[in-house]
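One-letter residues, chain by chain:
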Amino acid sequence: MTNRPAPTLPTPAERRRLREAASLSQAALAARMSVTSTTIHSWETGRATPRGRALEAYASFLTTTAGRPGPAGKPVGTSRPQAGTAGRRTSPSGLRPSASVRTS
């Protein structure tokens, strides 16, 4: 029997971001890993940490997801919104609509 070092995991917030970047719900990932969605939620909030085979499988999923090309051709884990832009609406031209324009 070989004692391998335990895989390291990203931070809980990064775990969630990677799962969401892969377009998977907690329930879908839970089904793939044969755990409950509550377990995935606990891992993503830092309330619990996977152990044993679950740790190996989860670390493998996160590593594979982070290196997989996303829609823009970049690895899934590398695209982040610009600071301060989350939730902002833009027009079809990509510009934010102004609240009101005064011309006086």
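As the structure is a prediction and not an experimental result, all values here were calculated from the model.

A rise of 1.5 Å per residue sets the reference length of helix 4 (residues 52-67), with its 16 residues, at 22 Å; its end C-alpha atoms lie 23 Å apart and thus fit the reference within 8%. For helix 4, the full list of buried residues reads L55, Y58, A59, F61, L62 and T65. For helix 4, the angular spread of the buried residues around the axis is 160°, confining them to a single face. Away from its buried face, by an angle of more than 90 degrees, helix 4 presents the exposed residues R53, T63, T64 and G67. Tucked into the core, helix 4 has its buried residues touching helix 1 (12-21), helix 2 (26-33) and helix 3 (37-45).

Attention shifts here to the pattern of salt bridges. Per the stated rule, a full pass over the model turns up four salt bridges. Linking E14 and R17 is a salt bridge whose minimum nitrogen-to-oxygen distance equals 2.6 Å. Placement of both E14 and R17 in helix 1 is noted, with a separation of three residues, approximately one turn of the helix. Taking the relative accessible area as the measure of exposure, E14 reaches 19% and is therefore buried. Across the pair R19 and E44 runs a salt bridge, and its minimum N-O distance is 2.5 Å. You can see R19 sitting in helix 1 and its partner E44 sitting in helix 3, a full 25 residues away along the chain. Looking at E44, the relative accessible area reads 6%, which means it is buried. Three or more residues are tied together by salt bridges with common partners; here these are R16, R19, E20 and E44.

L18, L24, L29, A30, M33, I40, W43, Y58, F61 and L62 form the largest nonpolar core, which has 10 residues in total. For this core, the secondary structure elements donating two or more residues are helix 2, helix 3 and helix 4. The contact partners of M33, leaving out residues within four places of it in the chain, are I40, W43, A54, A57 and Y58.

Quick look at the packing of helix 2 against helix 3 now. Two elements in contact, helix 2 and helix 3, have axes separated by 8 Å at closest approach and are oriented at 110°. When the interaxial angle is binned, helix 2 and helix 3 end up roughly perpendicular. In this structure, helix 2 contributes Q26, A27, L29, A30 and M33 to the contact, and helix 3 contributes S37, I40, H41, W43 and E44. Looking at the contact of helix 2 with helix 3 residue by residue, the classes come out as six nonpolar, three polar and one charged.

With that out of the way, let us pick up helix 2. Burial in helix 2 covers these residues: L29, A30 and M33. Each buried residue of helix 2 sits inside an arc of 105° when the element is viewed along its axis, so together they form one side. Opposite the buried face of helix 2, at more than 90 degrees from it, the exposed residues are A31 and R32. Positive phi appears at S34, one or two residues downstream of helix 2, with a value of about 60°.

Definitions and cut-offs
Residues numbered from 1 in each chain as written. Predicted model: local features only at pLDDT ≥ 70, side-chain atom pairs only at ≥ 80, totals over all residues. Heavy atoms only, no water. Helix = DSSP H or I, 4+ residues; strand = E, 2+ residues; numbered from the N terminus. Expected span 1.5 Å × (residues − 1). Buried < 20%, exposed > 50% of the residue type's maximum accessible area, 1.4 Å probe, protein only. Arc of directions from axis to C-beta. Contact = heavy atoms within 4.5 Å. Salt bridge = Lys/Arg side-chain N within 4 Å of Asp/Glu carboxyl O. Core = buried A, V, L, I, M, F, W, Y, C linked by side-chain atoms within 4.5 Å. Axes fitted to C-alpha atoms, helices over the stretch in contact; angles between N-to-C directions. Parallel < 35°, antiparallel > 145°, perpendicular 65-115°, else oblique. Nonpolar A, V, L, I, M, F, W, Y, C, P; charged D, E, K, R; others polar.

Fair warning: the whole summary comes from geometry, so function is off the table for now.
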